[in-house]
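Listed below, chain by chain, are the residues.
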Amino acid sequence: MNNHTVTNMFYLNAFADMKLKGLYFVLFLIIYLVTVIGNLFIIILTNMDYHLQTPMYFLLRNLAFLDICYTSTTLPQMLANFLIEHLAISLLACIAQLYTFLSFAASESCLLAAMAYDRYIAICNPLRYSVIMNRKACLHMVAGTWVIGALYGAIHTANTFRLPFCGLKILNHYFCDIPPLLKISCIDTFINEITVFAVGGFLMIGCFLLIFGSYMHILVSVLHIPKGRGRKKGLSTCVSHLIVVLLFYGSGGFMYFRPKSNLLADKEWLLSLFYTSITPLLNPLIYSLRNKDIQRAFQKLFNLSLLPRHY
């Protein structure tokens, strides 16, 4: 009975030797609460304001919802890990966590590409924007991101858990992720690694090329605008989205597609802190602080007086 229990449990060991666990627990609890509240605020605010019922803010609402789901698959586990050494997680819970995490991550990747396409149409083809980015097209885009995410998560989860795992199944991580799971496998994981590079690379490169192509067209279009307010407004519209894209793809790509290194062998989980915790936290801050429409809607919601026009 004891052997059966051991073989069906995984032990998360990322914070076993870390000091000041109480301080880190409070820090990441604040990060989690701010992330959830900030993204909920964007969803509520853009739903309530009539002027924000546009394709751009429809996609932004979906991004905010994805960020809440995405961060909720890992941060609660991390907080529990601060309190319990060698935190145990069942096989079924580990499978569910890996699947949801990968699904939400892939969906967010596709949604960022859809948002880049939306900005491309808005700036490079404004006269046809309402025709191309109609409600039906937006719904299809969002539904497509969820379907792709679900398929992506299913492929990697099934491929990972077909492997046999050895020993006490101690993961040097704070949640069930592909790299630490492959490390405790009893057999060669070359096929799994190739699948991660092939499927993951195809998704990330495809989304990145769409984003890169969209912004190249936007840049060319904006540079043809005479210097002044129009050019500045066109560029500032896309700055927030570019920051989010660089944060998400840069940190995630470095974690999954970098060469193996003994230097970070025991601290790989530190890399994942950035794209699982920091990026979802920054998204609502970036969009709200740089977005005058959201600032105006916030002022209207709380009956704050607008600044005089000459300011």
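Residues numbered from 1 in each chain as written. Predicted model: local features only at pLDDT ≥ 70, side-chain atom pairs only at ≥ 80, totals over all residues. Heavy atoms only, no water.

1. Looking at the overall build of the chain
Note the threshold: Helix numbering and strand numbering both begin at the N terminus, where a helix is a DSSP run of H or I of at least 4 residues and a strand a DSSP run of E of at least 2. Exposure classes here rest on a 1.4 Å probe applied to the protein chains alone. A residue is buried below 20% of its type maximum, exposed above 50%, and partly exposed in between. All accessibility values rest on the Shrake-Rupley procedure with a 1.4 Å probe; residue burial counts only the protein chains present in the view.
Check the secondary structure of the chain and you find 12 helices and 3 strands. Split into buried and exposed, the 311 residues of the chain put 47% on the buried side. Entry remark: accessible area of the chain is about 16500 Å², with carbon and sulfur atoms responsible for 70%.

2. Comments concerning the state of the cysteines
Applied cut-off: Criterion for a disulfide: a pair of cysteine sulfur atoms within 2.5 Å.
This structure, assessed with the given rule, holds 2 disulfides. Between the sulfur atoms of Cys94 and its disulfide mate Cys176 the distance is 2.0 Å. Here the S-S torsion is close to -120 degrees, and the disulfide linking Cys94 with Cys176 is therefore left-handed. Here the residue Cys94 occupies a position in helix α5 (residues 91–124), and Cys176 occupies one in the loop between β3 (170–171) and α8 (178–183), the gap between them amounting to 82 residues. Cys176 carries the same exposure label as Cys94, and that label is buried. Note on cysteine connectivity: Cys166 is disulfide-linked to Cys186, with sulfurs 1.4 Å apart. With Cys166 in the loop between α7 (135–160) and β3 and Cys186 in the loop between α8 and α9 (190–223), this pair connects stretches of sequence that are 20 residues apart. Each disulfide of the chain joins two cysteines, and with those cysteines numbered along the sequence the arrangement is 1-3, 2-4.

3. Concerning the sheet that holds strand β2 (residues 87–90)
Using the following cut-off: Strands qualify as paired when DSSP identifies two bridges or more between them. Pairs of residues are marked as contacts when any of their non-hydrogen atoms sit within 4.5 Å. Note on definitions: angles span 0 to 180 degrees between N-to-C directions of axes, and those axes are lines fitted to C-alpha atoms, for helices only across the stretch in contact.
Read from one edge of the open sheet, 3 strands run β2-β1-β3, paired in mixed fashion. Two strands close off the open sheet at either side, each with one partner strand: β2 and β3. Inspection of the sheet shows strand β1 (residues 9–12) paired to β2 by 4 bridges, in the antiparallel sense. Each residue of the ladder has a partner; that of Tyr11, found in β2, is Ala88. Docked against the sheet, helix α4 (residues 75–83) engages β1 and β2, running at close to 140 degrees with respect to β2.

4. Brief notes about the nonpolar core
Under the convention used in this document: Joining through side-chain atoms within 4.5 Å is the link that ties buried Ala, Val, Leu, Ile, Met, Phe, Trp, Tyr and Cys residues into a set, and such a set is a nonpolar core.
In terms of nonpolar packing, the biggest core is built from 81 residues, with Phe10, Leu112 and Leu181 touching the most fellow members. For this core, the element with the most residues is α5, which contributes 15 residues.

5. Focus on unusual backbone geometry
Of note in this structure, Lys169 is not a glycine but carries a positive phi near 55 degrees. With respect to the element layout, Lys169 can be found in the loop between α7 and β3. Residue classification places Lys169 among the buried residues on the basis of a relative accessible area of 8%.

6. Looking at the packing of helix α2 (residues 21–48) against helix α3 (residues 55–72)
Convention followed: When an angle is under 35 degrees it counts as roughly parallel; over 145 it counts as roughly antiparallel; between 65 and 115 it counts as roughly perpendicular; any other value is oblique. Put simply, a crossing is left-handed when the front helix is turned counterclockwise from the back one by less than a right angle, and right-handed when it is turned clockwise.
Packing of α2 against α3 leaves a shortest axis separation of 9 Å and a crossing angle of 155 degrees. Relative to α3, the element α2 lies roughly antiparallel. Pair α2 / α3 crosses with left-handed handedness. Along its contact with α2, which presents Tyr32, Thr35, Val36, Asn39, Leu40, Ile42, Ile43, Thr46 and Asn47, the element α3 presents Tyr57, Leu60, Arg61, Ala64, Phe65, Asp67, Ile68, Thr71 and Ser72.

7. Description of the packing of aromatic side chains
As a reminder, the rule being used: Only the six-membered ring of Trp is used, alongside the rings of Phe and Tyr, when aromatic pairs are assigned; centres must lie within 6.5 Å, and planes under 30 degrees apart are stacked while those over 60 apart are edge-to-face, with the rest tilted. When the NZ atom of lysine or the CZ atom of arginine is within 6 Å of a ring's centre and also within 35 degrees of its normal, the charge is said to sit over that ring.
Within this structure, the stated rule accounts for 12 aromatic pairs. Between the aromatic rings of Phe104 and Trp146, the centroid separation amounts to 6.0 Å while the plane-to-plane angle is 90 degrees, which identifies the pairing as edge-to-face. Of this pair, Phe104 sits in helix α5 while Trp146 sits in helix α7; the two residues are 42 residues apart in sequence, bridging distant segments of the chain. Taken together, the aromatic side chains of Tyr70, Phe101, Tyr174 and Phe175 make up a single cluster linked through ring pairs. Just above the ring of Phe10 sits the side chain of Lys169; from NZ or CZ to the centre is 5.2 Å.

8. Topic: the side chain of Thr189
Assignment of secondary structure puts Thr189 in the loop between α8 and α9. Setting aside chain neighbours within four positions, we find Thr189 in contact with Leu163 and Leu182.

9. Structural notes on the side chain of Thr71
The condition that has to hold: We define a polar contact as two N or O atoms separated by no more than 3.5 Å, with the added condition that, inside protein, one atom must be a possible hydrogen donor and the other a possible acceptor, whereas residues neighbouring each other in sequence contribute only through side-chain atom pairs.
Counting through the fold element by element, Thr71 comes out in helix α3. Polar side-chain contacts of Thr71 include one of 3.5 Å to the backbone oxygen of Thr276. Contacts of Thr71, omitting those with residues within four sequence positions, involve Tyr32, Thr35, Pro76, Thr276 and Pro280.

10. Looking at the packing of α7 against α9
This is how the line gets drawn: Note on residue categories: nonpolar means Ala, Val, Leu, Ile, Met, Phe, Trp, Tyr, Cys or Pro, charged means Asp, Glu, Lys or Arg, and polar means any other residue, Gly included.
Close contact between α7 and α9 brings their axes to 10 Å; oriented N to C, the two are set at 170 degrees. Looking at the two axes, α7 sits roughly antiparallel to α9. Only Ile191, Asn192, Thr195, Val196, Val199, Gly200 and Leu203 of α9 make contact with α7, whose side of the interface consists of Ile148, Tyr152, Ile155, His156, Asn159 and Thr160. Here the contact of α7 with α9 is built from residues that sort into 7 nonpolar, 6 polar and no charged.

11. Quick word on a nonpolar patch on the surface
Spelled out, the test is: Surface patches are drawn from residues lacking salt bridges whose relative accessible area is over 30%; two like charges belong together within 9 Å, two nonpolar side chains (Val, Leu, Ile, Met, Phe, Trp, Tyr) within 5 Å. The working definition used for a salt bridge is a side-chain nitrogen of Lys or Arg within 4 Å of a carboxyl oxygen of Asp or Glu.
A cluster of nonpolar side chains, Ile205, Phe208, Leu209, Phe212, Met216, Leu219 and Leu223, forms an exposed patch at the surface whose accessible area comes to about 670 Å². Position of Leu209 relative to the elements: it lies in helix α9.

12. As for the environment of Leu23
On the secondary structure map, Leu23 appears in helix α2. Exposure remark for Leu23: the relative accessible area of 55% places this residue in the exposed category. Distance from Leu23 to Phe82, taken between C-alpha atoms, is 9.6 Å for residues 59 residues apart in sequence.

None of this, on its own, says anything about what the molecule does.
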